[in-house]
Amino acid sequence: MPKIAVIKGFSKLDKYQKMLKLANFYSSPDETIELLESFWHNNPSIQKTFEEFSENTLTNYFLPFGVAPNFLINNKTYIVPMVIEESSVVAAAANSARFWIDRGGFSSEVLSVIKVGQVHFIWEGDPDALKNAFPSIKKRLLDGTRHLTANMETRGGGILGLELHDERDKIPGYYQLMATFDTRDAMGANFINSCLEEFATILKNQISENELLSAYECKVIMAILSNYTPECLVSTKVECKISDLHGIDDSMTTDEFVWKFEKAVQIASADVFRATTHNKGIFNGIDAVVLASGNDFRATEACGHAYAARSGQYRSLTELKLDGGIFSYSLTLPLAIGTVGGLTNLHPLAKFSLQLLDNPSSKQLMMIASAVGLANNFSAIKSLITKGIQTGHMKMHLLNILNVMGASDSEKARAVDFFKSHKVSHKAVAGFLTQYRNS
């Protein structure tokens with residue numbers, strides 16, 4: 001592609017003009033436009049809905065939508081929708097679910113559902129005067145947002161708390177309004193941000209109207225929710241007798257498997273390099289469910305990784321207990337996701353996903369997503385400490401390799417059969433195709 005100059009007024013162009021502008025940077029503009037159009041939905045109404053999700057939309061970017069059956073969670077069985085492009089993740093989740101369904105399944109509980117928002121501001125006056133005035137200001141803040149919180153309160157949610165935090169030891173004159181919320185089945189970002197912006201306006205007015213405070217201006221820096229929600233927690237575990245793990249792998253005894261599993265979890269707690277990959281395996285499952293249900297996977301990732309570092313060192317999010325001959329493996333993490341609002345009912349497949357899960361509440365969805373995260377992590381560790389991750393992963397990746405190499409359907413069928421008993425690698429697949437085509 002040639003060097004692209006600054007494009008002015010791009011957002012004001014219609015979709016076709018935008019595509020043409022972009023296509024002209026390629027050597028074959030007509031083919032470029034044809035490619036983009038080929039991914040449009042054939043239902044114009046649905047395509048229009050997709051385009052209105054974001055800005056400067058030209059086409060759709062497809063990701064596989066799969067399901068993992070046999071998830072027994074709190075004595076209820078689910079077929080779980082998963083949206084992910086990484087080969088083997090859905091298979092790993094399904095294998096783990098099938099393994100644990102015969103051992104009691106997953107037990108899960110939501111520990112708390114508190115979400116957080118902040119108004120960050122600078123004020124250079126007497127801190128004691130501000131602290132003394134805050135009870136009165138707090139009442140005005142809460143009264144001034146009744147019109148925003150009324151509907152949420154009828155559903156049992158709303159503003160749970162509001163505190164003034166003195167942070168001047170970090171930044172001169174820096175304070176926070178720290179607010180906590182219960183947003184019920186909604187993720188609640190818009191509700192929280194609306195409340196916070198109203199807080200900011202009321203706070204500035206209250207300080208300017210107070211003769212003991214008005215000598216210094218309240219400079220609001222920003223009013224925004226925090227995606228770190230350490231009190232929106234879900235805990236999920238699998239548990240069985242150690243003897244019930246007998247035969248989990250032909251290459252080692254049950255005691256050897258448990259010993260290696262325990263060491264793998266200990267390493268993930270002690271070493272940040274391993275912890276990062278360990279937790280990534282958890283989010284392989286969680287993100288796939290979060291995406292399928294129309295939730296914000298970036299927010300759940302950021303929150304989960306911040307929580308993993310809450311001790312001052314980034315560590316594993318899982319814990320293994322071996323007491324009285326019982327193998328108990330658990331995952332505890334914050335998950336601020338919802339089942340109403342946003343794309344959860346607007347995206348047709350997000351709506352389908354929630355229907356597939358029997359229209360869960362936000363708490364139920366938290367438990368389902370965390371169970372899938374634990375399932376994927378269990379499968380990953382099981383593979384790592386037995387036959388290694390590449391054997392299963394590369395077999396699942398085989399079709400991707402064959403597609404990149406332009407294999408025909410008959411060649412794919414022969415290759416799949418051949419690699420049932422051979423190790424998969426790019427070099428091995430290329431060699432197989434060359435030999436097969438020559439013969």
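Quick note: structure is the one above.
These numbers come from a predicted model, not from an experiment.

The rules behind these values
Residues numbered from 1 in each chain as written. Predicted model: local features only at pLDDT ≥ 70, side-chain atom pairs only at ≥ 80, totals over all residues. Heavy atoms only, no water. Phe/Tyr/Trp six-rings, centres within 6.5 Å; stacked < 30°, edge-to-face > 60°. Helix = DSSP H or I, 4+ residues; strand = E, 2+ residues; numbered from the N terminus. Buried < 20%, exposed > 50% of the residue type's maximum accessible area, 1.4 Å probe, protein only. Pairing = 2+ DSSP bridges. Axes fitted to C-alpha atoms, helices over the stretch in contact; angles between N-to-C directions. Parallel < 35°, antiparallel > 145°, perpendicular 65-115°, else oblique. Left-handed = near helix turned anticlockwise from the far one by under 90°. Contact = heavy atoms within 4.5 Å. Nonpolar A, V, L, I, M, F, W, Y, C, P; charged D, E, K, R; others polar. 1 Å grid on protein atoms, 1.4 Å probe; cavity = no way out; pocket = protein on both sides within 12 Å on 5 of 7 lines; lining within 4 Å. Points joined across faces, edges and corners; volume = space filled by probe spheres on them.

## Here we look at the packing of aromatic side chains
Throughout the structure, instances matching the rule amount to 21 aromatic pairs. Centre to centre, the rings of F261 and F327 are 5.3 Å apart; their planes meet at 70°, and the pair counts as edge-to-face. Residue F261 is found in helix 8 (residues 254–270), and its partner F327 is found in strand 10 (residues 326–334); the two are separated by 66 residues along the sequence. Among the aromatic residues, those joined into a ring-pair cluster are F99, W100, F257, F261, F327, Y329 and F378.

## Looking at the pairing of strand 10
Burial of strand 10 is extensive: seven of the nine residues sit out of reach of the surface. Bridge count between strand 8 (residues 233–241) and strand 10: nine bridges; the pairing is antiparallel. Bridge pairing links C240 to F327 in strand 10. The pairing of strand 9 (residues 318–323) with strand 10 spans six bridges and is classified as antiparallel. Following the sheet pairing, K321 is matched in strand 10 by S328. The hairpin turn running from strand 9 into strand 10, its antiparallel successor, is two residues long, and G324 in that turn takes a positive phi close to 60°.

## Quick notes on the packing of helix 6 (residues 146–154) against helix 7 (residues 189–209)
Following both chains from N to C, one finds helix 6 and helix 7 inclined at 150°, their axes separated by 10 Å at the closest point. In terms of their interaxial angle, helix 6 and helix 7 are classed as roughly antiparallel. Crossing handedness for the pair helix 6 and helix 7: left-handed. Counting all contacts with helix 6, which are made through H147, L148, T149 and M152, the residues of helix 7 involved are F191, S194, C195 and E198. Its residues assigned to classes, the contact of helix 6 with helix 7 shows four nonpolar, three polar and one charged.

## Notes on empty space enclosed by the protein
Applying the stated criterion across every chain, the model contains one cavity of 30 Å³ or more. What the largest cavity holds in volume is close to 100 Å³. Surrounding the largest cavity, 14 residues form its lining, M187, S226, N227, T229 and A336 being those nearest its centre. For the lining of the largest cavity, the elements supplying multiple residues, two or more each, are strand 4 (115–122), strand 7 (219–226) and helix 10 (297–308). By residue number, the principal contributor to the lining of the largest cavity is helix 10, which donates three residues. Grouping the amino acids of the lining of the largest cavity by side-chain chemistry returns nine nonpolar, four polar and one charged.

What is shown is where atoms sit, not what they do.
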